[in-house]
Amino acid sequence: DAGLDGGPSLKVKANGAVPFSAAGHLGLAVSGQVDAALANAKLSGGQRLTGRVTVDAKVRGAFARPAIEGAATLSNGSFVDLIQGTRLTGITGRVQGAGQMLRIEHFSGTTPGGGRISVSGTAQADPARGFPATLRITGENAQLIDNGVVDVVAALNLTISGALANAPLVAGDVRITSFDVAIPDRLPADAAPLAKARHLSPPEQTRARLEVLAREN
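Residues numbered from 1 in each chain as written. Predicted model: local features only at pLDDT ≥ 70, side-chain atom pairs only at ≥ 80, totals over all residues. Heavy atoms only, no water.

**Some remarks on the side chain of Thr-122**
What counts is decided by this rule: In this description a helix means any DSSP run of H or I spanning at least four residues, a strand means any run of E spanning at least two, and both kinds are numbered starting from the N terminus. For every residue, the accessible area obtained with a 1.4 Å probe (protein chains only) is divided by the maximum for its type, and the residue is called buried under 20%, exposed over 50%, and partly exposed between those limits.
As for its placement among the helices and strands, Thr-122 is situated in strand β8 (residues 115–124). Residue classification places Thr-122 among the buried residues on the basis of a relative accessible area of 17%.

Structure below.
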């Protein structure tokens, strides 16, 4: 038996057998609660995750192909990307394990303005095959970006299939409901043109400026 007690952020108990060799077999029961914010150390700058993950599961079988029985539940979750301007609140989710199959029974969150994004589907706990999965992502009136310059609201109907760890296939539709770009009245004097931008039928003044920049470079 073993336990981890990291205060309010981490309380997990485990009992059973863990092999010292990859050829051995697991027989482990795990239960407890984990603060989702512990994952922030692995996220990109500006990204923050909150919420409570409750785990009650058993892991058995070969180390390389474990069989998982039980569930993990996320409650009171939120995700913020300060750079992209993405915000999800009220995130809840539940993943149920049945052997090597992990089923997302529900996973959803609310975007600003009352939009919603949901994820459903299945994934296999098979690292040798890159965690094969079939997932569906849907969204209605979902504000995907709001960073002070660009504001994008869309409806989503996407599928993700194949190995999640090795270039999965993404298919479906993203229907833009609104796309607003705030253009400042004046740009800084040292602002540079966008790299590799292609200008179609620029006005005479812009064309002259582009020719000067081309000669300078």
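**What about the pairing of strand β10 (residues 150–163)?**
This is how it is decided: Note: two strands are recorded as paired if DSSP finds a minimum of 2 bridges between them.
Across twelve bridges, the pairing between strand β9 (residues 132–146) and β10 is antiparallel. For Leu-135, the partnering residue across the bridge sits in β10 and is Ile-160. The antiparallel pairing of β9 with β10 creates a hairpin that spans three residues between the two strands, and Gly-148 there sits at a positive phi of about 90°. Taken together, the twelve bridges between β10 and strand β11 (residues 169–181) define a ladder with antiparallel strand orientation. Along β11, the bridge assignment pairs Asp-151 with Asp-180.

**Re the pattern of salt bridges**
To keep things clear, this is the line we draw: For this document, the term salt bridge refers to a Lys or Arg side-chain nitrogen within 4 Å of an Asp or Glu carboxyl oxygen.
Inspection of every chain in the model, using the stated rule, returns five salt bridges. For the salt bridge of Arg-175 with Asp-173, the shortest nitrogen-to-oxygen distance reads 3.8 Å. A relative accessible area of 58% places Arg-175 in the exposed class. One salt bridge connects Glu-204 with Arg-207, and the closest N-O pair in it is separated by 2.6 Å. Residue Glu-204 and its partner Arg-207 are located together in helix α1 (residues 204–216), separated by three residues, close to a single helical turn. Since its relative accessible area comes to 56%, Glu-204 is described here as exposed.

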